[in-house]
Amino acid sequence: MIKENKSSANTGFKKFIFYLRWFLNSKFYPILIAVSVLISHTFSIEELGITIVLLTVFTGLIICDDLSFIISPLFLSFFMFSEKSVSSGRFYEKPYLIAMVIGAIVFGVFVIAHFIIHRKNITLKSFSSSKLSSGFVLLSVAFLLNGCLNLDEYEIGNITFSIALIFSLLGIFFLFTINVNKSKSLMNNLMFILFLVSVLITLEVLIAVILAERVPSAIDTYKFQIVNGELFKNSIKLGWGMWNNIGGFLAFLLPVHFYLASTKKKVGFIFYITALISMLATTITLSRSSLLSAGITFVICAILCCFTGVNKKINRIITIAIFLLGVIGIIVLWGKITTILGDYISRGLDDNGRFEMYKHGLLNYLLNPIFGGGFTSSYPTEYQFIFFLPYRYHNTIIQMLATCGSIGIFAYLYHRYQTIKLFFARKTLSTVYLALCIGTFLFASMFDNHFFNIYPAFTYSIMLMAIEKTTE
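Cut-offs applied
- Residues numbered from 1 in each chain as written.
- Predicted model: local features only at pLDDT ≥ 70, side-chain atom pairs only at ≥ 80, totals over all residues.
- Heavy atoms only, no water.
- Helix = DSSP H or I, 4+ residues; strand = E, 2+ residues; numbered from the N terminus.
- Buried < 20%, exposed > 50% of the residue type's maximum accessible area, 1.4 Å probe, protein only.
- Contact = heavy atoms within 4.5 Å.
- Areas by Shrake-Rupley, 256 points an atom, 1.4 Å probe, with all protein chains shown as cover.
- Expected span 1.5 Å × (residues − 1).
- Phe/Tyr/Trp six-rings, centres within 6.5 Å; stacked < 30°, edge-to-face > 60°.
- Patch = residues over 30% accessible without salt bridge, like charges linked within 9 Å, V, L, I, M, F, W, Y side chains within 5 Å.
- Salt bridge = Lys/Arg side-chain N within 4 Å of Asp/Glu carboxyl O.
- pLDDT = per-residue confidence, 0-100.
- Core = buried A, V, L, I, M, F, W, Y, C linked by side-chain atoms within 4.5 Å.

Each helix and strand counted, the protein has 20 helices and three strands in total. Considering the protein as a whole, with its 472 residues, one finds that 49% of them fall into the buried category. Looking at the protein alone, contacts between residues at least 24 apart form 78% of all its contacts between residues at least 6 apart. Carbon and sulfur atoms make up 73% of the accessible area of the protein, which amounts to about 22500 Å² in all.

Turning next to helix α3 (residues 46–63). In this model α3 runs 26 Å from its N-terminal to its C-terminal C-alpha over 18 residues, within 8% of the 26 Å that 1.5 Å per residue would give. Of the residues making up α3, those classed as buried are Glu46, Gly49, Val53, Thr56, Val57, Phe58, Gly60, Leu61 and Ile63.

Another aspect to go through is the packing of aromatic side chains. All chains considered together, the criterion is met by 36 aromatic pairs. Centre to centre, the rings of Phe78 and Tyr455 are 4.1 Å apart; their planes meet at 20°, and the pair counts as stacked. Within this pair, whereas Phe78 is found in the loop between α4 (71–76) and α5 (83–88), its partner Tyr455 is found in helix α20 (residues 455–469), the two being separated by 377 residues in sequence. Taking relative accessible area as the criterion, Phe78 reaches 26% and is therefore assigned partly exposed. Tyr455 sits in the buried class, given a relative accessible area of 11%. Seen in terms of ring centroids, Phe258 and Phe298 are 5.1 Å apart; in terms of plane orientation they differ by 85°. Their pairing is edge-to-face. Here Phe298 lies in helix α13 (residues 288–305) and Phe258 lies in helix α11 (residues 243–263), a separation of 40 residues in the sequence. Of the two residues, Phe258 and Phe298, neither departs from the other in class, the shared state being buried.

Our next topic: a nonpolar patch on the surface. A contiguous nonpolar surface patch, about 1000 Å² in accessible area, is contributed by Val137, Val141, Leu144, Leu145, Leu149, Leu151, Tyr154, Ile156, Ile159, Ile163, Ile370 and Ile407. Broken down by secondary-structure element, the contributors of at least two residues to the nonpolar patch are α8 (133–144) and α9 (156–178). Relative to the helices and strands, Val137 is located in helix α8. Here Val137 falls in the partly exposed class, since its relative accessible area comes to 35%.

Moving on, we come to the confidence of the model for the protein. Overall, the predicted model of the protein reaches an average pLDDT of 87, with 89% of residues at or above 70. Long-range and interchain partners of residues 380–385, a stretch whose pLDDT sits below 50, account for 11 contacts in this model, where long-range means more than four residues apart.

Moving on, we get to the nonpolar core. Counting 114 residues, the largest nonpolar core has Phe79, Phe143, Phe176, Leu190, Phe258, Leu434 and Leu464 as its most contacted members. Among the elements that line this core, the one with the most residues is helix α10 (residues 185–210), at 14 residues. Discounting chain neighbours no more than four positions away, the residues touching Leu464 are Leu132, Phe136, Phe173, His415, Thr419, Leu422, Phe423 and Ile438. Core analysis: the next-biggest nonpolar cluster, separate from the first, contains six residues, Met357, Tyr358, Tyr391 and Tyr393 among them.

Below, the structure is given as structure tokens:
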């Protein structure tokens, strides 16, 4: 009888682990993370979201044989930190700092345990045979060598920031390449998670607008502000990022909506509508570079989905309807639109100091042409290294030249050549839309800092990994 009870308990435990593993690899898990992140952000109770993420991730690292389950918490967790919590400074207090250090150490232990337990599923060969590995490695070497001949301005920040960049690009790509199994479902799951990220950011923006304070003059608060009927740009912050960060992420992920609109039978039109809402949220951020990037991408995707996929007819009807309604809406509501979005009109094509930044970046390159001036260098001297982030030139090419020199720009262009070659080698609809995501990200990075903001690179690296890993 005792043996039978043990056997029964054994079977019950195995079933529990089986269903738990199934849940972590299903679409229900990303939804759980997304909902907990939205609640945590809206009510500034980040402890709830952090607890759910850590408990599920620690569990998954032990029972799941690859890292595909961790993509959703990796992508979504960043967006749980609200402006109220970040502005209060509580995350910089000693108890939180200690908790973060302990959490990071425990996470590292579980990652090591995962690779020991599931070492049979780790294939180092998949990285060495990757079409992108040499480009990632070369780019990482260029980052490490930043400013190495500019000894007068060389600081610890040159190393710390380069390590962060290398982890977000090479590190993430390497870990997921060696421990994510090739499958037909990988791309489908990734697109669903990316869609959730976009919806999450969109909801955070819309909630912030609904709760926006109507004030006669600018007041420093935790909420979006509408001043004399116009959105006050400096108030557009969500804690984890400001207007350019928010708009940049929304533009980055916009093609995902159109991919789903093109591939999901019967319900594809829903994703076209969510693309439109995401475009509206991008406009609300008042980020001109994001609006330009998203606007161009929206047009390309709208045309593409009219001629590819399984919903061509309905997508054509929706596209024509949106165009006609858009024209009518602009004519009828022009007064209100120009009031609410007055910042676009008042700034127009003003470069907002970017040409001056570009000039400083090129001067820095001319002074240090081989390895650049380094991430902590600046020209002229009034531009100083700010906390963890370097002075950034709001343009990827200028940034690479100024900080990593000729070696850096060569490494970047070689990496870019490899990614373009990969896109042409994998002629699938998913590759086309992910290429549009990455193209939008890189185009926006010619006017902003997105490529050097660390976190967006996580998404970028995993997108490239998925293109290589997805089987036909």
